[in-house]
Structure formats: structure tokens, C-alpha cells
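Listed here are the chains, written in short residue letters.
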Amino acid sequence: MSEVKLSGVSKAFGSTTALADVDLTVSSGELTAVLGPSGCGKTTLLRIVAGFVRPDRGRVEIDGRPVVAENVHIAPERRGVAIVPQEGALFPHLDVASNVAYGLPRSVASRKRVDEMLELVGLGGLGKRRPDQLSGGQQQRVALARALAPSPRVVVLDEPFSALDAGLRAQVRDEVNEVLRSIDATAIIVTHDQEEALSMADSVAVMEQGRLVMHGSPTEVYHRPVDLEVARFVGDLVELPGTKSGLVVDTVLGRLPIHGSSIPADGPVVAVIRPEQIRVDARVERGAKGAHVDDVSFFGHDALARLTVMSDAEPVRVLARTVAPLQRGDDVAIRVIGPALVYPT
Amino acid sequence: MHVRRILSASLAAIALLGAAACGSDGPTDTTEGADLVIYSGRSESLVKGILDDLAKETGVKVGVRYAGSSELAAQLLEEGEATKADLFFSQDAGALGALAQAGRLEALDAAVTDRVIDGFADPNGQWVGTSARARVIGYNPTLAPEAEQMTSIDAVLDPKYKGKVGYAPANASFHAFVTALRVAKGEDGAKEWLTKFKANEPRKYDNNILVLDGVDKGEVALGLLNHYYWYERVAEKGADAVTARIRFLGSDDPGALINVAGVGILKGTDQKESALKAVNYLLSEKAQKYFADETAEYPVVAGIASKHDLPPLADLEKSSIDLNKLDSLETTLAMLNEVGLT
Amino acid sequence: MAETAPGALSRLRGREDHGRPPWWLVLPALAGAALAVLPLGYLLVRTFEAGPDRVVEILNRPGTAALVGRSLGLAAVVTGLCLLIGITMAALVTRTAMPGRRVLAVLAPLPLAIPSYVAAFAWVAAVPWARGFIGATIVLTACTYPYVYLPVVAAMRSVDPAQEEVSRSLGRSAWRTFWTVTARQVWPAAASGGLLVALYTLSDFGAVSILQYDVFTRVIHTSYTATFDRTPAAVLSTLLVVITVVIAVGERWTRRPVEQTRVGGGVARRAELHRLGALGPLASGLVVAVLLVSLAFPVASLLYWFATGLSAGIDTERLLTSTGTTVLLAVLGAVATMALAVPIGVLVARHRSRASAVVETATWAGHALPGIVVALALVFFGVRVAQPIYQRTPLLLIAYAVLFLPAGLGAVRGAVAMSSPRIEEVARSLGSSPITVLRRVTIPLAAPGIAAGTALVMLTIMKELPATLLLRPTGANTLATSLWTETGVAAYAAAAPYALALVLLAVLPTLWLMRAQGRFTATEDL
């Protein structure tokens, strides 16, 4: 298991910049998610690591050894970086076992390894099946087994779950995560799904228009996004205009403490809180604000309510994640728990 | 998996079939070990017999390459000095003339050319005729019984034969006939004849055989062709099965033109002696008898009788060789082009 | 994924990924292209020899332009008819519940086994009026429509029926859906088949000559055979090459927009078969009529001649050796041709660039030339630079490769383009070198296409006459040359066994071709 280090990596396709001066270090044995909207360059980054795209500038090192540098470009097959593409890309002319055995030398030991790997991904006994006889989730797991069989130094996964339907996606994702952890692989997974990134990864790298804008633990990324864009991208947001003074910010929901890490100058700011920081009560209590329920999306474990806050000035619309049994048209009281983040307007 | 199985199975099957069918006789080169390589523009089914005899009786090991005379001439011209051929056996004088003009033929001794009847060897001794055939009018006795009495080729211009005359415009013998027409009638006369012929809407066929077929089936009443196709047909199918008849025209008529097949020795051959032996063999009594009987052609050596009922060569037109000269051939083709009879 | 400009980006990325094709693809591809332009080289040597005045004189001859026009006209009509017949029959066979569908589907490609000169002989002998333009059109259409039918059947099977359903649900009739959705999708397949038809028609000499329709190839032949002058033949052949390249480039242009919109991952269910109701028997009747003309009639003629000639006896030994030689040459020739077609196909499908487009276009140079021109070109080069193999099997195999490379190449290119490059990347990431990927992934995946190309080339070689005649080892006879020998002296009956054997033999690769294309589709469904 190995450390992957990118420094100063840039890549343009014609006049389109895909990557601009990206530095990223993926620690050994960690699972790093590269998160970003479509077109942000994350797939290019992954293909540079795997060796299918040559960057215009920059270095890539695996375990301290440069695989991409000036005048160096190690061929993909000599990098020990196994790829799991979007739709699995199983070899349609080979059966499942032969697919998994593809990267292994021909030997008895390899055959044992194939069985092990299939067992590991929960497909023991399906070795003789042809790829088209498997479900989408099974195909994805075979693709993973195939990538892991030769014990690669690094595994890269390109939106591996996007082709699966929602229910299956969560299940396969958990299984894949478990397998990756069980063998302690260094893995890079590219995704545009923040929930996926936050729930699976040890660290999350957020990309925007070819730039790496933030790299940190899922908690950091979620709770202390470096800018408003990242904040918006990694989860639902309540954005309130406010005025910062010192360590507090005044908003329509009252005076809120500011999270220590984000400190623009005093004055008008955008204050940001997460929907789950908003408490909803049926009864108006002290320090609470009155609000009107416009709409409720019920998810079972909780619900997301869209509320209009009564205020002296213009009405403000906010989102609240709540377990309270709300209905459209209810009048409720809300208050904010915990600190807000502030960003320059 | 299936795909590969199908692929390998079919490949194996076809390879096996190939191996089994050809056995020892793959595409082997019969010139391998042969002393004398002959390019024959004459058809294998016509001359294989005599060439086999040639090998047997002269003791020369012969390898023969068969193809069309003009294709072989083109090939020999491309090959130049590097050719493997020692002897060119051509169906018509034109192909030999082309090689002679390009300087690709070795001059023959007068001793050889003198063996044939006067006028059947190249005046410069570049090649020698081996057999001859006459232009005739083929006719369908039901449609044109009167053709039995025809004496001149001008008869085919009769408007009653409109659309009822078959000919093979690409055939070398036809070109030679037109050249003869030019000699007989002058340029203007020939052009006039061809224009009338064209106006009579003659029917084009790919070759003489198809002309004969057309006459035989009554598609056309008359056909311009060479005599021996008819004899071949009779030999193949029996006289009763052939409806068509042929008419030899008068000796002074261009329609009774004689064409020759002949041989020439390629320049630069290292087998000159064997080649000469072969040429002499083709002019031997035995070979001449073969052409007379087997291919129903005219022998070119005096005093050989044919089993077929052929009018004597002396009665027919015989200035054939000059007619195949290339410069006159080009004028002929240009005229045909101009009239629109190609 | 960069979705901002997906088309542009993925195209650029494609170039980036595969920008540097490895030498072991480039070398054989260049060798193949060099061989393919050999005839052109020869023609240019002969043309330049003549000097500009002569060239202008030849091109200006009365009739030249008219004959070019007739050739193009014939090619256009035959190609149009083949597209109509090929696409219609493919649609009937794959999309409707026409009675007798399965049997007709198997019979439909078989006319490919009948050499056009044999069919022409059959027509001339039996149907006097079918001469000239009409005869040439009938015979060439009958013999070449399978070039369109086969790839279109394969393509139809791979079109996702969901698209047709969407179209129907949006209010388009089945008929309009067919022409606006299905036919569009199969157009690249149909166009490449149509190209083969057009070039076959342009280069054909045997059939048009027997059927007495004067076209361009006639002048070329007359130049060799009547005046023994190679210059006009060379000048006019060069013109033919130019026309060919224009047509080939045009074909690529017509299929380009369709090809680039192809998206992967379509999982095809089998299409629902349209019930034709009362029209069903009519449809079957149409297909049967085509088969009567193209298959039953020539075969019946051959059988008739065969029966007539039986009494005279058959030269069994010659028949057997001719068959053996034909098979051997066809197998070797197909292997040689595909050995060049595979690297070029991979190169063109995986490394799109201006250079690879040039290589692909170059392969067409030899394809529309009459066999005799290609043969003489190889005579020219053979005696000069390859004397040891001159008039031996290897040079003949090279001639076959020059003549039939495009037929094999089309199949390989299509098959390689169908499989996703992502699959090859996975193999690379698992430690395979590019050449191992070619051996273990690309070629096995393209196997059905390679098999189809091999079968097509084999089939065509079996029927080839003019080049075989001039370049074969002296004394070797194929079925085609034996057939030629016999017809040269009017012995239809004696020729019949060879013709029949040739047709029967050619049926094998035709069936194989059909199977291979069937599998091709099946694999594609994954």
C-alpha cells in the first residue's frame, strides 16, 4: 500500500483546462474521494494517476518514486495502479473467473486467489458465469475483484457506482468499502455524489473547474468548507445574509456564534448553517423565531422542511432537517443550534 | 468463446479440405526444372495435346503458362529482359507483332520461316505462323437460307438484316478483317462500309463463341466469325445438334480473310536450341496434322490434308500478316471508334 | 467526466490517450498501405513516361468522358438498387414476422458465392434480351447486394429497439420510424457495403463484357488487348483510382455524423417482430423473387450445362486439383490479407488521426482497378524487385492483399471500434503491455469481425480470375482459371463442373461470414 502524491499537475485539452496546478497527497492505506461536479477534471486526474493521460506539467509519485515527471512517463501496466471504470468494463469474451484472473500469472496459486477474491466480493461460485449473466452490481463487484486480485499498490475507481440504481448503489458501496478496508488498499475514488464521498472516504478532495479547492477529512469538508461553493456542493445549506461583528454574526435567526476557522472582516457577510442545525418546535419558546411550513419532504428517518421565517424585514426561506411530524401550513418555532460559518458576500 | 470455436473450427475444416484436395498437387510451379518455358495465348484445351507431344518427342522438358494472348503480350512487355519465357505461342498475329515491334523477339532463320507457305511468316522473320483460320459468315438456315449462296461480305449490309447480324467488336480477328476492308476498299470505302454496317444495327457479342451461339439460337440470322469455332461446336455437340451453318466467301473478298496463330522466340532466352526445336516441331507434319484435324484449322505447311471438309487455303484471301501490323491496327481502331463500332 | 463539452473533450481525449500508436502497429500498417499503392505507383510510372501531351490527348479522346459517365451511371444504379434490396431484405428478415423468415435469411447472402461472370454467362445464354445496361444492372445487382445485406442485418440486430419504441410513442408510424430511426442507425453499415458494391461495379470487366455493356474498364482492356499500348490503359486506370478515392472519401463523409453519435452501453433486447398480416406473403414473395433471379437461375443454368456435359465425362483429376489449389490460395491469401488488415484496422479504429485516415484511404487505391491492371503492376514490380517470388505463390498472395484489403479492413475496423477502449485500459492497468492487450483483449473481442473479414476475402479470392491468371505459378490452376480455359473454347458443358464446384466451395465462406456477423452482433450486445 502506497502513498500517491501529485504536485503541480496541469492538463488542458485544446483550449479547455481540465486540471490547473493540482497538488494532492493520498496517504498510504487511505481511501480518498475526489469529489466535484461534472466537468471539474476529476476523471482526468484519475486517468493521469493510472497513466492513460499525460499531464502537460507536474509530477506524480507513487511511494516516492516518480511515475510522471519531466521526461518520465511510466507505462500504465508498470505502475501497479488498478482501475475500476464506470460501468465495470468486464471483458465480454471471458468468464467471471478469467476476468478476475486476467492480471495474475497462470498458476494454481492464481486460481486460489481468484476464488478468494470472488469470495471476498461475495460472488463465490459464480466463476463460470459470463459477464452478461450478472446483474449490474455483480458486474461492478467482479470489476473490483479483478482490480484487487494482483494486489495493486493503488486502486482507482471512476464513478464506480453511478450506473447502479439507488438501492443497489448504497449496498454495493458499503460492500466495496468493506473490501477495500479489509485489504487496507490505497484507493482513489472519483465521484460527484457528496453523500458517497463523505460516507466512504478517509479524506475528501473537492475539485472545482480543474482546481483542487479543498482536501480534508469528511468532517472538515462538511463542517468547515473553505468557501461558499464548497459548502454548497457538499450538502444542503441555509444561507442567511448577516452582519459580522467580532465572533458573532447577526442574522434573521438571531445572533449566532461564528465557527473559529472562517474569519472575514467585520461587516456584511453570508452566514451559513446546515439544515440539521435548525431545531423545529411546535410551540414558540423563548429565543425562538416563528416560521411557516411551506413544504415537507419526508424521508422516513427524518424530513426536510422548507420554511418561511416571519421577520420584520423581508421573509426569509430556510431548510430544516427535522424528525418532528410537520405538515404543510403548520406554524412553528425554530432556533439554531451550534455555530454558523461566515463567508464574504 | 463460441466465436473462437467457430473461427478455429471453420479454419481447420477449410485448411483440411485444402490439404486433402490438393494433396501433393498444390500450386506447384511446372516451370520448376523445365528447360523450356512457353507462354501460350492459345487455349489449353486446344493445344495441350500437341504441347505434350512436343515434350515427349523432342525430349525437351516443357513448362506452359496459359492465359489470353494479349494479356500475355502485355505481361511479356512488362517483364522485358527478366522474363522466364522462352517461347510465345500466340492466338493471333497482332500480339506477336507487338512484341516484335518492341524488339522482344529473336529473329528466326530463313530455314524455319521458309517451311511455311508464303505469306504465313513475318516478313522480317521475327515469328512464324503455325496454323490459320478463315473469317466466314455464320448463318441460321431457317432465318437466312440465302446465305448459302453469299460471295461477298457486302451482303450483310442488306437492310433486311437490320439488327440481325452478330459480331464481336473486341475480337482481334474482326480488327484484322476491318484492316483488310481498308486495303480492299480504300479508307473512304471502308469507312462507308462500316457506316452502313453500323446503320444496320448489328448486334455486339463478347466473342466469336457467343456470336455462334446467337446464330445457332436464331437471335441473329448472320454472324461474322472464324471458321473453326463452328467445327469445334460440331465436334463437341455433334452435327445434328448445331443449327448454324457457315459460308466461306470468295478469295478476293476481305470477308474471307485468313488469320494466323504463330510462335516467336523471346530475345535473351538461354534455351534457344530447345526453343528452335519446339518451333520446328510445331511446323512438323505431325503437329500440322494435329491443327488440321483436332482444332479444324488450316495447316500452314503445304501438303497436309485435313479430315474436315475445308475449302482449300489457296481459294481464300491471304495477306493476313501485314494486316496485323500495329500502325495499321491503330488506324483501324481509330476508324471503328469514329464510326462507333467498338 | 468533463461534461462541459463532452463531444469535443472526449474526442480530444481520445487523441491524447492513443496519440502515439506503437511501432508494431505502424510498421505493418505502413507496409499494407505501401503494398496497396503499388499499382498506383506503377500507373504513375507509365503515365509520366507518356508525357503531359499524350496524357491530355488520351483523356480528351472522344468517348472517354462518355464511358466514364456510363461506368459511374452503372455504379450508381447498381449501388442504389443494392442498397434498396439489401436494406429492405435485412429489415424484412430481422424486423418482421414474414413467412419463411429464417430460411430466407440464410439463403439471402448466398448469391455472393456466384461469380458475376458466371451469372453473366447464364443470362446471356438463356435470356437474349437481358443485355446491355439492363443485363449488367441485373447481374451486378444480383451478385453484389449481399455486400449490403450482410452488414445491415448485423447492424439491425444491434440497434436498440427501445429507440424505435420511443419513436413510435412519439407518434411516428412504423414505416417512418424505420426510415428515420432504424435506417439512420444502420447507415454506416449500409454505406460501407454500398462502397464495396460501387467499387466492384466500377472495376468489373468480366460481366459487363459478356453482357455487352460498354464501360470504362472496356477501354482499359482494349488498350492492352487490341493495340498493346500500356499508356492509355495506365492513364485511364489512374483516372479510375482518382474516382475511387473520391467515392471512398465520400462514403466516409456520409457515415461520419451517424457514427460519432453512437453511444455505448446499449443493451439490446430483441426487437418485437412486426406482423405483416396480409402483406406477409407478398414480402416473402419479393424476397423469393430476388433469390430466384440471383441464386436459383444461375445455379439452374449451371446444373443444366452440367447435366449436358455429363455424357462427355468430367476431368475429375483436374477438378480436384483445381479445387485444392483454389482452397489453398484462398486460405493463404485471406491469411496474408488479414495480417495486414488487422493492424490497419486497429490503427484506424483506435488511433484516429490524419495519418491513419491517409493509410485507410490508401488501401482503397487497388480495389477499384481491374484485376489485370493490378496484375501487371505486380508483374512490373515482381520482375524488378521480387524476382525470386515472381510467378510464385507469395507474389500472388500479395496481389490478393492489394485487391481485397479494403474488404477485410472494413470488418476489422468495425469490430474494433465496437469494443470500448476502457476495457483495454483496464487490461493495461492490470499489468499487460500494449501488445499483450492486443493479443489478449482487442483481437479476441474483434474476433467475429476478423472472422467475417477473413471469410469475405476468402470468398472473393476464390472467384478472382485476371490476377490469378497472370501471377499464378505456371501450371497451377484454380477453379476460376479452369473455368476460363473451358469457356475460352465455347465448352459451356465442360466448364460447368468447375463453375458448380466454385459456387459450392464459395458457399462455405459465405455461410461462415453470415455466422461470424451473427456472433459479432451477439458480442456487441454485452
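Positions within a chain are numbered from 1, following the residues in the order the chain's sequence is written. Starting at A for chains and at 1 for ligands, labels are handed out in the order in which the entities are written. Selection of residues for local features in this predicted model requires a pLDDT of at least 70, selection of side-chain atom pairs for listing and counting requires 80 or more, and totals for whole chains, interfaces and linings are taken over all residues.

Chemist: I keep staring at the overall build of chain B and nothing clicks. Help me out?
Modeler: Helices and strands together make up the secondary structure of chain B, namely 12 helices and 11 strands. C-beta atoms are first placed from the backbone for all residues, and any pair lying within 7 Å is then listed as a contact. Look at the contacts in chain B between residues 6 or more apart in sequence, and 77% of them connect residues 24 or more apart. Helical segments are the DSSP runs of H or I of at least four residues, strand segments are the runs of E of at least two, and each set is numbered from the N terminus.

Chemist: Could you clarify how one ought to interpret the overall build of chain A in this entry?
Modeler: Within chain A, the secondary structure is distributed over 8 helices and 21 strands. For chain A, the spread of C-alpha atoms along the principal axes amounts to about 75 × 45 × 35 Å. Here a residue counts as buried when 20 or more other C-beta atoms sit within 10 Å of its C-beta, as exposed when there are 12 or fewer, and as partly exposed otherwise, the C-beta atoms being derived from the backbone. Counting the 345 residues in chain A, one finds 44% classified as buried. The contacts in chain A between residues at least 6 apart in sequence include a share of 67% that link residues at least 24 apart.

Chemist: Help me out: how do you make sense of the packing of helix α16 (residues 316–350) of chain C against helix α17 (residues 354–363) of chain C in this one?
Modeler: When two helices pack together, you describe them by how their axes are tilted relative to each other and by the distance separating the axes. Residues and elements named next belong to chain C. Their axes nearest at 9 Å, the elements α16 and α17 cross at an angle of 140 degrees. Relative to α17, α16 is oriented oblique. As α16 runs across α17, the sense of the crossing is left-handed. On α17, the residues touching Ile 344, Leu 347 and Val 348 of α16 are Ser 356, Val 359, Glu 360 and Thr 363. In the scheme used here, Gly and all other residues not listed as nonpolar or charged are polar, with Ala, Val, Leu, Ile, Met, Phe, Trp, Tyr, Cys and Pro taken as nonpolar and Asp, Glu, Lys and Arg as charged. Residues of the contact of α16 with α17, tallied by class, amount to 4 nonpolar, 2 polar and 1 charged. In this description, a line fitted to the C-alpha atoms serves as the axis of each element, helices being fitted only across the stretch in contact, and the angle between N-to-C directions of two axes falls anywhere from 0 to 180 degrees. Note on terminology: angles under 35 degrees are roughly parallel, angles over 145 are roughly antiparallel, angles of 65 to 115 are roughly perpendicular, and the others are oblique. Put simply, a crossing is left-handed when the front helix is turned counterclockwise from the back one by less than a right angle, and right-handed when it is turned clockwise.

Chemist: Explain the domain arrangement of chain B here, please?
Modeler: Buried accessible area, meaning the area lost when the parts come together, often serves as the stated size of an interface. All names here are of chain B. Considered domain by domain, chain B is made up of domain 1 (36–132 + 260–311) and domain 2 (133–257 + 329–339). Spacing between the C-alpha centres of domain 1 and domain 2 amounts to 27 Å. Residue composition of the side of domain 1 that touches domain 2, by class: 4 nonpolar, 3 polar and 2 charged. These domain limits were set by an automatic method or by a database of domain assignments.

Chemist: Sorry if this is basic, but what is going on with unusual backbone geometry here?
Modeler: Comment: phi is negative for the bulk of residues other than glycine, and the bulk of peptide bonds are trans. Even without being a glycine, B:Ala296 presents a positive backbone phi close to 55 degrees. Take B:Ala296: it is sitting in the loop between α10 (285–293) and β11 (298–299). Here C:Gln391, not a glycine, exhibits a phi torsion of approximately 55 degrees, which is positive. Along the polypeptide, C:Gln391 turns up in the loop between α18 (371–385) and α19 (393–418).

Chemist: Any chance you could explain the nonpolar core here in plain terms?
Modeler: Where a protein is soluble and globular, its nonpolar side chains tend to be buried together. By size, the foremost hydrophobic cluster in this structure holds 395 residues, and its most contacted members are A:Ile188, B:Leu87, B:Phe88, C:Val139, C:Val152, C:Ala399 and C:Leu502. Broken down by element, the residue count for this core peaks at 18 residues, all from α19(C). To count as a nonpolar core, a set of buried Ala, Val, Leu, Ile, Met, Phe, Trp, Tyr and Cys residues must be joined through C-beta atoms within 7 Å.

Chemist: Before we go on, may I ask you to explain helix α9 (residues 272–282) of chain B in this structure?
Modeler: Of the positions making up α9(B), those classed as buried are B:Ser274, B:Ala275, B:Ala278, B:Val279 and B:Leu282. Around the axis of α9(B), the buried residues are gathered within 140 degrees of arc, so they sit on the same side. Starting at the helix axis, one direction is taken to each C-beta atom, and the arc is that of these directions.

Chemist: Teacher, can you tell me more about the packing of α16(C) against α19(C) here?
Modeler: All names here are of chain C. At a minimum axis distance of 5 Å, the contact between α16 and α19 shows a crossing angle of 40 degrees. On the basis of their axis angle, the class for α16 and α19 is oblique. The way α16 lies across α19 gives a crossing that is right-handed. Of the residues in the contact of α16 with α19, the class split is 21 nonpolar, 5 polar and 2 charged.

Chemist: I tried to follow the sheet that holds strand β5 (residues 65–69) of chain A on my own but got confused; where do I start?
Modeler: Note: strands within a sheet are paired through backbone hydrogen bonds, in either parallel or antiparallel orientation. At least two bridges found by DSSP between two strands is the condition for calling them paired. Pairing within the open sheet is antiparallel, and its 5 strands lie in the order β2-β1-β4-β5-β6 (chain A). A single partner strand is all that each edge strand has here, and the edge strands are β2 (16–26) and β6 (72–73) of chain A.

Chemist: How should helix α2 (residues 23–36) of chain C be read in this particular structure?
Modeler: Because each turn of an α-helix spans 3.6 residues, side chains separated by three or four positions in sequence point in the same direction. Residue and element names in this part refer to chain C. For α2, spanning 14 residues, the distance from its first C-alpha to its last is 19 Å, which sits close to the expected 20 Å at 1.5 Å a residue. Along α2, the residues classified as buried are Leu 25, Ala 29, Gly 32, Ala 33, Leu 35 and Ala 36. End-on, the buried residues of α2 take up no more than an arc of 160 degrees, which puts them together on one face. Turned more than 90 degrees away from the buried face of α2, the exposed residues are Trp 23, Trp 24, Leu 27 and Ala 34. Of the surrounding elements, those touching the buried residues of α2 are α3 (38–50), α16, α17 and α19. The length a helix should cover is 1.5 Å for every residue beyond the first.

Chemist: Would you mind going over the sheet that holds strand β12 (residues 238–245) of chain A with me for this structure?
Modeler: Residue and element names in this part refer to chain A. Read across the sheet, 5 strands follow the order β14-β13-β12-β15-β21 without closing on themselves; strand pairing throughout is antiparallel. Edge positions in the sheet fall to β14 (254–257) and β21 (341–344), since each has one partner strand and no second. Neighbour to neighbour, the strand axes of the sheet diverge by 40 degrees on average, direction disregarded. As defined by bridge partners, strand β13 (residues 248–251) adjoins β14 across 4 bridges and the pair is classed as antiparallel. Paired with Asp 250 across the two strands is Arg 255, which belongs to β14.

Chemist: I'm lost on the domain arrangement of chain A in this one. Help?
Modeler: Domain annotation for chain A reports domain 1 (4–230) and domain 2 (236–344). Taking only C-alpha atoms, the centre of domain 1 of chain A and the centre of domain 2 of chain A are 38 Å apart.

Chemist: Would you explain the environment of A:Pro339 in this entry?
Modeler: All names here are of chain A. Topologically, Pro 339 is positioned in the loop between β20 (331–336) and β21. Using a count of 20 C-beta atoms within 10 Å as the deciding quantity, one classes Pro 339 as buried. When the C-alpha positions of Pro 339 and Gln 277 are compared, they lie 8.7 Å apart, and in sequence the two are 62 residues distant. Not counting residues up to four positions away in its chain, the partners in contact with Pro 339 are Leu 256, Pro 257, Ile 258 and His 259.

Chemist: What is the right way to look at the pairing of strand β3 (residues 31–35) of chain A in this model?
Modeler: One face of the sheet, then the other: side chains in a regular strand alternate in exactly this way. All names here are of chain A. In terms of burial, β3 is a largely internal element, 5 of the 5 residues being buried. On β3, burial covers both faces: Leu 31, Ala 33 and Leu 35 on one face and Thr 32 and Val 34 on the other are all buried. As paired elements, β3 and strand β9 (residues 186–191) share 5 bridges and run parallel to each other. Following the sheet pairing, Thr 32 is matched in β9 by Ile 188. Here β3 runs beside strand β10 (residues 203–208); their pairing, made up of 4 bridges, is parallel. By the bridge assignment for β10, Val 34 is matched with Ala 205.

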